[in-house]
Amino acid sequence: MPALEPLRPVHVTARQRALTCMAASVLLDYPSTDQLARMATVRDGVAHLPEAVRSRLAGFADHALAADPQALARAYVDTFDTKRKCSMYLSYFLTGDTRRRGTALVRFVEAYRAAGWEVERNELPDYLPIVLEFTAVGDAELGAALLASHREGIEVLRSALTQMGSPYAAVVEAVCLVLPRPSAAVEDRLLQLITAGPPTEMVGLSALGPLEPFAPQGAASSEVRA
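Colleague: A description of the side chain of threonine 79 should follow, citing residues and the corresponding values.
Modeller: Assignment of secondary structure puts threonine 79 in helix H4 (residues 69-80). Here threonine 79 falls in the buried class, since its relative accessible area comes to 8%. Discounting chain neighbours no more than four positions away, the residues touching threonine 79 are Cys86, Leu161, Met164 and Ser166.

Colleague: Describe the nonpolar core, and please don't skip the residues or the numbers.
Modeller: In terms of nonpolar packing, the biggest core is built from 60 residues, with Leu57 and Tyr112 touching the most fellow members. Looking at this core element by element, the count peaks at eight residues for helix H10 (residues 168-177).

Colleague: Summarise the confidence of the model for the chain; cite the residues concerned and give the values.
Modeller: On average, the chain scores 80 in pLDDT, and the residues at 70 or more come to 75%. A low-confidence stretch, residues 189-224 stays under pLDDT 50, and its non-local contacts, those more than four residues away or across chains, total 84 contacts.

Colleague: Describe the packing of aromatic side chains, listing the residues and the values that go with them.
Modeller: Within this structure, the stated rule accounts for nine aromatic pairs. Seen in terms of ring centroids, tyrosine 30 and tyrosine 76 are 5.6 Å apart; in terms of plane orientation they differ by 85 degrees. Their pairing is edge-to-face. Of this pair, tyrosine 30 sits in the loop between helix H1 (14-27) and helix H2 (33-45) while tyrosine 76 is found in helix H4, placing the two residues 46 residues apart along the sequence. Both rings, one in tyrosine 76 and one in tyrosine 168, keep their centres 5.7 Å apart while their planes meet at 75 degrees; by these two values the pair is edge-to-face. Of the two residues, tyrosine 76 is situated in helix H4 and tyrosine 168 in helix H10; the sequence distance between them amounts to 92 residues. For tyrosine 76, a relative accessible area of 0% gives the class buried. Here tyrosine 168 falls in the buried class, since its relative accessible area comes to 3%.

Calculation criteria
- Residues numbered from 1 in each chain as written.
- Predicted model: local features only at pLDDT ≥ 70, side-chain atom pairs only at ≥ 80, totals over all residues.
- Heavy atoms only, no water.
- Helix = DSSP H or I, 4+ residues; strand = E, 2+ residues; numbered from the N terminus.
- Buried < 20%, exposed > 50% of the residue type's maximum accessible area, 1.4 Å probe, protein only.
- Contact = heavy atoms within 4.5 Å.
- Core = buried A, V, L, I, M, F, W, Y, C linked by side-chain atoms within 4.5 Å.
- pLDDT = per-residue confidence, 0-100.
- Phe/Tyr/Trp six-rings, centres within 6.5 Å; stacked < 30°, edge-to-face > 60°.

The structure is reproduced here in structure tokens:
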């Protein structure tokens, strides 16, 4: 899979970056009935973002709202739940199914707890829509650090979605546009990941025991999608 040309970051205010992350969090989540209702709000709420960002977010919202809901849900599962390079779980790109995954997930948990932020759903803590929501409404600095430390994974996801011609590529592009450009070292690692994909040491997580979805103490769990 060839690498894409880097996107030139767009100048945004802290508020605009937060709005972009929150909008992308909604648009990249599983398109349940509730999420589709939120997408209509997103389409109207991004009107004052820079054009390059606004057009990508609003364009996808229009696509999703015009689509058959069941077809959209099937496309989501086919895209993100069956293809390794389209994983929504950021630590997977660097650790794959290896024993390092558990340690990587703990970093997300610790960041959320440090900000006093609770994940009110039954998902792993590195799920991209959760990280984006945390960046928008939890702790912008910690959230940006999490996204920056997993920039390679975000770019691999962007590359894979673009190669597939997926409309979700536009949403990931919008996120990349409001993040600083990755360093040369990150770009070098990105080329390796695009070529090889995530690590595949299948003995990994079994050594740590079952890995349950992250649910902070006291947080309410939402229904897990089928």
